[in-house]
Every structure is written in C-alpha cells, then in structure tokens.
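# Topology and contacts: notes
What follows is the residue order along each chain.
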Amino acid sequence: MNKSKPSAKTSSRRNFLKKVTAVSVAAIHPNLIKETKSAAPPLTTNQAQSNASATGAQPNKRFIAIQVGAVSFVDEGVERVLDMLQQKGRVNALMLAVFTYGRGIAGRQLPGQPLPDHGVQKYDADTFHGGSYAPLHAQYYDKTILKNLRAPDLGDFDLLGAVIPKAKGRGMQSYCWLEDVYNPRLIPSFEKLGEVDIYGRRTGQACLNNPDVRAFLNSLVEDYVKSYELDGLMWGSERQGPLNNAIGSRHGGFNGRAQITCFCEHCREKGRERGVAVERARQGFIELDKFVQSAWSGHRPSDGYFVTFWRLLLNYPETLAWEKLWTDSQQEIYGEIYGTVKGINNRIQVGWHIWHNNSFSPFYRAEQDYSKLRQTSDFLKVVMYNNCGGPRLAQYMKSIHSTIFRDAKPEDAMKLHYRIMGYGDEPSFDKLPTAGLSADYVARETRRAIEGVRGESSIYPGIDIDIPTDKSEKKTDPSDVKAAVKAAFNAGAPGVVLSRKYSEMKLANLAAAGEAINEIGS
Ligand SMILES: [Zn+2]
C-alpha cells in the first residue's frame with residue numbers, strides 16, 4: 001500500500017497526461033495513451049497454478065470475472081465468498097463494486113425479489129447508503145467539492161483492503177468497479193454540480209462537464225490506484241444524451257416526460273466553443289418535449305409522428321449537435337480516467353461497462369462506436385444480459401413506439417427491429433418479456449463487438465445471472481447461464497463478467513457458469 005503523495009516525477013508525468021487528456025487525447029492522438037497498453041491480462045503461471053491448487057481444478061486461462069459488492073464479504077466472510085466463487089463459478093477475477101450510490105451493483109437483493117440461497121436472509125433497503133466502500137484519502141480531493149464520500153453503512157469495512165490480499169493469495173485478480181451513480185440527497189453541495197434542464201431546473205444527475213465532477217473522478221481513481229494493488233479498474237455510466245432521453249429511446253420505463261439536459265454554464269460554454277447556437281438547441285428541445293407530450297395525449301400530427309419528428313430535426317439540427325456534445329463529454333471521461341490510471345501504473349487494465357441500452361436502441365448504439373471506444377480502453381465489458389434482455393427490450397419497444405414510432409405498434413416492428421440490430425429470430429413482442437433473448441443474441445453481440453474493436457481491446461461480455469425482473473417475467477435458469485457463457489466464448493470472447501452482483505445470484509446459476517467453462521475447456 002502506498003498512501004504517500006506522488007513524487008515530483010510521477011506527479012509531473014501525471015499532470016502532463018491529465019493536461020493532454022483534458023482536451024481528449026483519444027481524439028487528437030490515439031497512440032499516445034494507448035502506447036502503454038498491454039494485451040488482456042492472462043494469468044501468470046504462478047497465478048494460474050495457485051488458482052488451480054485452491055480449486056483443485058486445472059488452471060483457467062480464460063478471464064472469468066464476477067461483479068461483487070462489499071456487503072457479500074461482510075455477510076458471508078471474505079474467504080467463504082472467494083471459496084464459493086472459485087469452486088462454483090471458476091472465477092479468477094473480481095470486479096469489486098467499490099464506489100456507487102446505486103442498488104444495481106451494491107447492497108443485498110432488492111426488496112420484493114426473492115433472497116438467494118446464500119448471504120444474510122434479510123433485505124437492507126433501510127440501511128443501504130452507498131459511497132466508497134474503501135477508505136478515501138483526503139490528500140487526493142483538494143480540487144473538488146466532493147469530499148468524504150465514504151459509505152457508512154458497513155462501518156469501517158474496507159472492501160479493497162480486506163479482499164485484495166486474500167484474492168491475490170489465491171491467484172485471483174482484483175478490479176475496482178465504479179459507477180456514475182450518486183445520491184444527491186446524501187451528498188452535501190450536490191446541487192452545485194447537478195445537470196440543468198432545458199427549463200433551467202437543476203436536476204439530481206451529476207453534470208459530466210462540471211469541473212468538480214471530473215476532478216472527483218480523477219481523484220477517486222488516483223486514490224484507489226495508489227492506495228491498493230489493483231489489477232484493473234472499470235467505470236460505468238448508464239446515461240445518455242438529451243435527444244435520446246427526450247424520445248424515450250431506452251428501457252426501464254418511460255411516461256412521456258424526460259429530463260432533457262444539460263444546459264448548465266459549463267455545457268453552454270462548451271457548446272459555444274463548438275460553434276453550436278446554444279439557444280437554438282434549447283428551443284429545439286422545448287419543441288421536441290412539446291411534441292412528445294402531445295403524442296402522449298394522443299394528438300396525432302397530420303403528417304404522422306415520425307415525419308413530424310424528422311422535421312423537428314431539420315428545423316433544429318442543433319439538438320443533434322447537443323446530443324453529440326453530451327456523449328462526447330461522457331466519453332472524454334474515459335480518456336481522462338485512462339490517462340490518470342496509466343500515468344500512475346500502466347499495467348493496470350482499464351475498461352468500461354457498456355450499458356444494456358446498446359442492445360436495444362439503434363440511436364444509443366450509434367453513439368457506442370467500438371472503433372472509437374477501443375482508443376481509451378484495454379477492455380470493454382459489453383452488457384449482453386439475455387434473460388432480463390427480453391423484458392428490457394420490450395420496455396424499449398413500448399417507449400419508442402409511444403413517441404417517434406407511435407404510428408406503428410411495437411409488435412408490427414419487432415422483426416424489422418431484430419434485423420436492424422443484427423439479431424436472428426428472437427421472440428415476438430408478446431412473448432419477449434417471458435421468453436427473454438437467446439444465447440444466439442449473446443454470440444452475435446460478442447462477434448459485433450470483437451469486430452468493432454479490431455483486436456485493440458478485449459471484449460468481456462456481461463452475462464446475466466438472476467438480474468431482477470418482474471414476477472411474471474423471464475428468470476434465470478442454469479441452462480440459460482451455461483448457454484450464454486458458451487455462446488460468448490465460442491464467439492471468440494477472451495473472458496466474461498458474471499453480472500450484476502453476487503448478492504442476487506442463486507448458487508446453482510453461478511455453478512452453471514463454472515460448468516460451462518469445464519465443458520468448453522479452460
Ligand atoms: Zn452541464
């Protein structure tokens with residue numbers, strides 16, 4: 001552990017990298033930040049042997065990662081969880097959910113969902129807080145107002161300190177797993193850095209162009225990388241730009257009203273630098289918001305919904321420019337984090353969690369350009385959750401057919417949608433929520449991603465194990481996990497990430513991942 005301040009030499013190198021990344025290194029000189037890139041981390045012989053002796057199995061050369069939060073180690077004990085992961089799932093890498101305020105990757109099972117067959121048999125909705133599940137070191141946070149975001153809900157439990165040495169002893173790798181989820185009610189001064197919507201209202205989402213937000217993220221990764229012996233780091237941001245939000249181009253439910261952001265002073269300034277007429281962009285979004293709300297009230301424009309939408313884009317192309325500004329800002333953070341981590345230790349593998357919306361929305365997918373993402377990543381964990389993918393895709397179809405495609409019903413469009421997205425014969429709209437998507441979808445998305453990054457990043461498909469869905473919707477069976485893991489590897493993936501958190505997984509489903517790996521060979 002190294003909690004000391006950086007030396008003058010490392011500090012100046014880091015400042016150099018930061019300065020360059022601040023103007024998006026990837027855009028101007030992709031080779032600069034990738035020059036230190038090494039291939040996906042195969043286990044060393046020692047690691048593999050140690051892994052093998054711990055499990056009694058053959059060494060595992062494939063990268064088998066699992067997302068796991070602090071509460072599991074507190075509830076079940078560090079050694080016991082590691083035993084379980086190695087023995088049942090053949091896991092050799094941990095994605096430790098160290099920073100989030102969200103319940104998707106931290107905390108126990110969600111209330112209303114059945115508790116799995118391990119861990120404390122009690123929900124934690126009343127006690128869950130969020131924040132950093134490892135101590136934060138004050139010297140790194142002098143450039144941001146976001147300070148002391150240590151999670152208090154598990155006492156002084158240090159997720160990284162408690163787990164990394166024990167994992168290392170077993171030849172398991174440890175990655176930090178952070179996400180772009182904050183709780184504005186629990187963070188002092190959050191209102192200073194929230195996004196501002198088209199009507200001037202401050203929202204509860206952090207603005208990715210706010211200097212305090214950027215400085216915080218760089219501080220946080222610097223802190224973790226310098227304070228612990230990490231093998232890798234992954235950040236995820238499950239958000240998208242204002243145009244996609246306005247038209248409901250997403251899963252997760254849509255009621256015709258979206259937060260259309262960001263028009264804070266920092267984003268306006270950035271827009272002006274790009275030569276975008278800021279007020280025209282804002283006006284265009286106000287018109288778009290009116291269009292969507294009018295659609296929801298059932299008022300069909302005489303030229304139809306899609307034509308009217310397209311006319312809005314023609315009249316206000318600034319809205320598209322603002323969407324691009326938002327996405328570029330999010331992806332600049334990839335470059336900044338990449339540069340910060342590599343400037344400290346270039347052996348640490350850096351990559352991004354790519355949101356499931358990439359599987360549903362062609363509009364969002366267009367923004368997830370693998371040939372660009374590979375410039376700032378050693379790996380991409382691309383979400384390919386096929387079980388919950390069914391209900392989620394159905395939600396997306398309902399949303400987008402309530403706005404720009406409202407002239408057609410989702411069931412009319414399903415087949416066309418599958419073809420546009422490059423999928424085979426997946427379930428019809430009415431069966432989708434109960435049937436889920438197939439393992440063939442996982443294979444196709446794996447191949448597409450591998451082709452997209454052209455060998456410059458490792459693709460680790462995210463595999464869905466017991467991600468909560470509604471009562472009547474598709475649940476995970478061992479045969480689903482087995483088929484998805486096999487599909488990912490047979491399509492050429494060098495690894496998988498079992499998702500989204502151990503605390504919601506049934507052990508038989510975890511074991512199915514291990515069985516798949518035994519069957520295809522490690
Ligand atoms: Zn902003």
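None of these values were measured; they are calculated from a predicted model. (Residues numbered from 1 in each chain as written. Predicted model: local features only at pLDDT ≥ 70, side-chain atom pairs only at ≥ 80, totals over all residues. Heavy atoms only, no water.)

## Let's talk about the overall build of the chain
Of regular secondary structure, the chain possesses 21 helices and 11 strands. Here the chain holds 522 residues, and 60% of them are scored as buried. A fraction of 78% describes how many contacts in the chain between residues 6 or more apart in sequence connect residues 24 or more apart. Of the roughly 20,200 Å² of accessible surface on the chain, 51% is carried by carbon and sulfur atoms. (Helix = DSSP H or I, 4+ residues; strand = E, 2+ residues; numbered from the N terminus. Buried < 20%, exposed > 50% of the residue type's maximum accessible area, 1.4 Å probe, protein only. Contact = heavy atoms within 4.5 Å. Areas by Shrake-Rupley, 256 points an atom, 1.4 Å probe, with all protein chains shown as cover.)

## Overview of the confidence of the model for the chain
Averaged over all residues, the pLDDT of the chain is 91; the fraction at 70 or higher stands at 89%. Here residues 1–33 is a poorly scored stretch, pLDDT under 50, and it has 43 contacts once near neighbours within four places are set aside; other chains count. Low pLDDT (under 50) marks residues 35–57, which in the prediction has 44 contacts with non-local residues, meaning those over four places away or in another chain. (pLDDT = per-residue confidence, 0-100.)

## A few points about the coordination of the zinc ion
Bound to the zinc ion are the protein donor atoms Cys207 (SG), Cys262 (SG), Cys264 (SG) and Cys267 (SG), situated 2.2 to 2.3 Å from the metal. Considering all four donor atoms around the zinc ion, angles at the metal cover 101 to 117 degrees and the coordination shape is tetrahedral. Counting along the primary sequence, the residues that act as donors to the zinc ion give the motif C-x54-C-x1-C-x2-C. Of this pair, cysteine 207 sits in the loop between β6 (202–206) and α8 (211–227) while cysteine 262 sits in the loop between α9 (242–246) and α10 (265–273), and the two are 55 residues apart along the sequence. Exposure class is identical for cysteine 207 and cysteine 262. Each is buried. (Donors = N, O, S within 2.8 Å, 3.2 Å for Na, K, Ca; no water. Tetrahedral: all angles 85-135°; square planar, octahedral: opposite > 155°, others 65-115°.)

## Let's talk about the pattern of salt bridges
According to the stated counting rule, one finds 35 salt bridges in the structure shown. For the salt bridge of aspartate 124 with arginine 103, the shortest nitrogen-to-oxygen distance reads 2.6 Å. Highlighted residues: aspartate 124 in the loop between β2 (93–100) and β3 (131–132) and arginine 103 in the loop between β2 and β3, separated in sequence by 21 residues. Like arginine 103, aspartate 124 is buried. Residues arginine 268 and glutamate 279 are paired through a salt bridge, measuring 3.3 Å at the closest nitrogen-oxygen approach. On the criterion of sequence distance, the pair formed by arginine 268 in helix α10 and glutamate 279 in helix α11 (residues 278–296) is long-range, its members being 11 residues apart. The class of glutamate 279 is partly exposed, set by a relative accessible area of 39%. Within the structure, one salt-bridge network assembled from shared partners comprises Arg214, Lys270, Glu332 and Glu336. (Salt bridge = Lys/Arg side-chain N within 4 Å of Asp/Glu carboxyl O.)

## Considerations on the pairing of strand β9 (residues 379–383)
Residues in a regular strand project their side chains so that they alternate between the two faces of the sheet. With respect to burial, β9 is a largely interior element, five of its five residues being buried. Neither face of β9 is open: one carries Phe379, Lys381 and Val383, the other Leu380 and Val382, and all of them are buried. Pairing of strand β8 (residues 349–354) with β9 involves four bridges; the strand directions are parallel. Residue pairing for β9: glycine 351 is matched across the bridge by phenylalanine 379. Both β9 and strand β10 (residues 458–464) contribute to a ladder of five bridges, which runs parallel. When the sheet's bridge partners are listed, leucine 380 is paired in β10 with isoleucine 459. (Pairing = 2+ DSSP bridges.)

## Observations regarding a nonpolar patch on the surface
On the surface, a cluster of nonpolar side chains totalling about 340 Å² of accessible area is made up of Phe306, Trp310 and Leu314. Here leucine 314 is to be found in helix α12 (residues 305–315). (Patch = residues over 30% accessible without salt bridge, like charges linked within 9 Å, V, L, I, M, F, W, Y side chains within 5 Å.)

## Some remarks on α11
With 19 residues, α11 should cover 27 Å at 1.5 Å per step; its first-to-last C-alpha distance of 27 Å lies within 8% of that length. Within α11 the residues assigned to the buried category are Val278, Ala281, Gly284, Phe285, Ile286, Leu288, Asp289, Phe291, Val292 and Ala295. Buried residues belonging to α11 abut α9, α10, α12 and α13 (318–344). (Expected span 1.5 Å × (residues − 1).)

## Observations regarding the packing of α8 against α13
Running from N to C, α8 and α13 cross one another at 30 degrees; their axes reach a closest spacing of 10 Å. Classified by the interaxial angle, the pair formed by α8 and α13 is roughly parallel. Between α8 and α13 the crossing geometry is right-handed. From α8, Arg214, Leu217, Asn218, Val221, Glu222, Val225 and Lys226 reach across to α13, where they touch Ser329, Glu332, Ile333, Glu336, Ile337, Thr340, Val341 and Ile344. For the contact of α8 with α13, a count of residues per class yields seven nonpolar, three polar and five charged. (Axes fitted to C-alpha atoms, helices over the stretch in contact; angles between N-to-C directions. Parallel < 35°, antiparallel > 145°, perpendicular 65-115°, else oblique. Left-handed = near helix turned anticlockwise from the far one by under 90°. Nonpolar A, V, L, I, M, F, W, Y, C, P; charged D, E, K, R; others polar.)

## Quick word on the nonpolar core
Core analysis: the largest hydrophobic core is formed by 136 residues, its most contacted members being Ile66, Phe73, Leu94, Leu178, Tyr224 and Leu498. If we skip the residues at most four places from it in the chain, isoleucine 66 touches Leu85, Val91, Ala93, Leu94, Met95, Leu498, Tyr502, Met505 and Leu510. Counting residues in hydrophobic clusters, the runner-up holds 12 residues, among them Phe63, Ala65, Met234 and Tyr460. (Core = buried A, V, L, I, M, F, W, Y, C linked by side-chain atoms within 4.5 Å.)

## Regarding the packing of α11 against α13
Relative placement of two packed helices is described by the angle separating their axes and the distance separating the axes. The contact between α11 and α13 brings their axes to 8 Å, and the two run at 100 degrees. Taken together, the axes of α11 and α13 lie roughly perpendicular to each other. Residues Val278, Arg280, Ala281, Gly284 and Phe285 of α11 form the contact with α13, whose own contacting residues are Glu318, Thr319 and Trp322. Classifying every residue of the contact of α11 with α13 by side-chain character gives four nonpolar, two polar and two charged.

## Some thoughts on α12
Helical geometry note: an α-helix holds 3.6 residues per turn, so side chains three or four residues apart project in the same direction. Of the residues making up α12, those classed as buried are Tyr305, Thr308, Phe309, Leu312 and Leu313. Seen end-on, α12 carries its buried residues on one side only, within an arc spanning 145 degrees. On its buried side, α12 packs onto α9, α11 and α13. (Arc of directions from axis to C-beta.)

## As for the packing of aromatic side chains
According to the stated counting rule, one finds 22 aromatic pairs in the structure shown. Between phenylalanine 263 and phenylalanine 285 the ring centres are 6.3 Å apart and the planes differ by 75 degrees, which places this aromatic pair in the edge-to-face class. A residue pair is termed long-range when its members are at least 10 positions apart, and phenylalanine 263 in the loop between α9 and α10 and phenylalanine 285 in helix α11 qualify at 22 residues. The pair formed by phenylalanine 263 and phenylalanine 285 is uniform in burial state, with each residue classed as buried. (Phe/Tyr/Trp six-rings, centres within 6.5 Å; stacked < 30°, edge-to-face > 60°.)

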